[in-house]
Amino acid sequence: MLSLVDTTTNNLTHNQVVSGTISIGAGETQAFQLIAVIINELRQRYPDIDLQLFSGSADEVKDQIDRGLIDFGLVIDPVDKQRYEFVRLPVSDHCGVLVADDHPIAAHSTVDAATLAQYPLLISGQSLVRQQISNWFGANLDQLDIVGTYTLLYNASLLVKTSNNAALCIDGIINTKENGLKFIPFNPPLTVNTNIIWKKGQIFSSAGQAFKEALTNQTNKKPPR
């Protein structure tokens, strides 16, 4: 409650000087690099801006937004965005599987559903992601050897490294270089979009409004020919 009071006070009083806190919740994705660029550029122009980051799944990020604890959320599709304003980022993530270097799949350049069905799997705990994976497999997940679920990938990657399990995930979250791990993309390919969401009718601080405007300008840029 005290946090909400502070946020409301800042939103009402910081309407002249661009200052205050930009609070962002995010899932694990390389798309956050675009957000980092925007934040760094804003802080160069407005050094009184502070940043507050929250890491979590899309469900956790949406809950934080709904409770008024963060301003923006970076979420990876598939996710229900009906209750929010949002912009789609001009970057996509590639889906695949994370395995140990000595896993049989590690010898492949891509991996198909039939091959994956032969091994124990770790998957995201989000229901919409599970449905997306089920559609890609062309089968009910109950027919697969799902040994567990995860929220964020790092701890799951430690389990992958020391077992025969394979974790279905997106590329670039775990640094696999000389790490005993390898990412293998799906065949056929599966890509997912990333979005920034915020509550409809949200009144932002000057810092939050500046971020929203910079984000909109960045995503509206036409790619170079």
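Conventions adopted
- Note that residues are indexed from 1 along each chain, following the sequence as it is written.
- For this predicted model, a pLDDT threshold of at least 70 governs which residues receive local features, and a threshold of 80 or more governs which side-chain atom pairs are given and counted, while totals over whole chains, interfaces and linings are taken from all residues.
- Hydrogens and water molecules were not included; the side-chain quantities draw on all heavy atoms of the structure.
- The criterion is simple. A nonpolar core is a set of buried Ala, Val, Leu, Ile, Met, Phe, Trp, Tyr and Cys residues joined through side-chain atoms within 4.5 Å.
- Here the term buried applies to any residue with accessible area under 20% of the maximum for its type, exposed to any over 50%, and partly exposed to those in between, with areas from a 1.4 Å probe on protein chains only.
- Secondary structure elements follow DSSP: runs of H or I of four or more residues count as helices, runs of E of two or more count as strands, with numbering from the N terminus.
- Between two residues, a contact is recorded if the distance between any of their heavy atoms is within 4.5 Å.
- N or O atoms within 3.5 Å of each other form a polar contact, as long as, within protein, one can give a hydrogen and the other can take it, and as long as residues adjacent in sequence are counted only when both atoms are side-chain atoms.
- Note on scores: pLDDT gives the predictor's confidence for each residue, bounded by 0 and 100.

A. Quick peek at the nonpolar core. Core analysis: the biggest nonpolar cluster contains 25 residues, and Val97, Ile105, Leu116, Ile133, Phe137, Leu168 and Phe186 have the highest contact counts within it. Breaking this core down by element, the ones donating at least two residues are strand S4 (84-100), helix H4 (113-116), strand S5 (121-124), helix H5 (127-137) and strand S7 (166-170). The biggest single contributor to this core is H5, with 4 residues. What Leu116 contacts, discounting residues up to four positions off in sequence, is Val97, Ile105, Val111, Leu121, Trp136, Phe137, Leu168 and Phe186.

B. The side chain of Thr219, seen in detail. Here Thr219 is to be found in helix H7 (residues 206-219). At 3.1 Å, the side chain of Thr219 and the backbone oxygen of Thr216 are in polar contact. Leaving out residues up to four positions away in the same chain, Thr219 has contacts with Val87, Arg88, Leu89 and Pro90.

C. Layout of the confidence of the model for the protein chain. Mean pLDDT over the protein chain stands at 89; residues scoring 70 or higher make up 91%. Between the elements of the protein chain, mean pLDDT differs from a low of 48, seen in helix H1 (residues 2-13), to a high of 97, seen in strand S8 (residues 181-185). Low pLDDT, under 50, characterises residues 11-15; the stretch is placed with 7 contacts to residues that sit more than four places away or in other chains.

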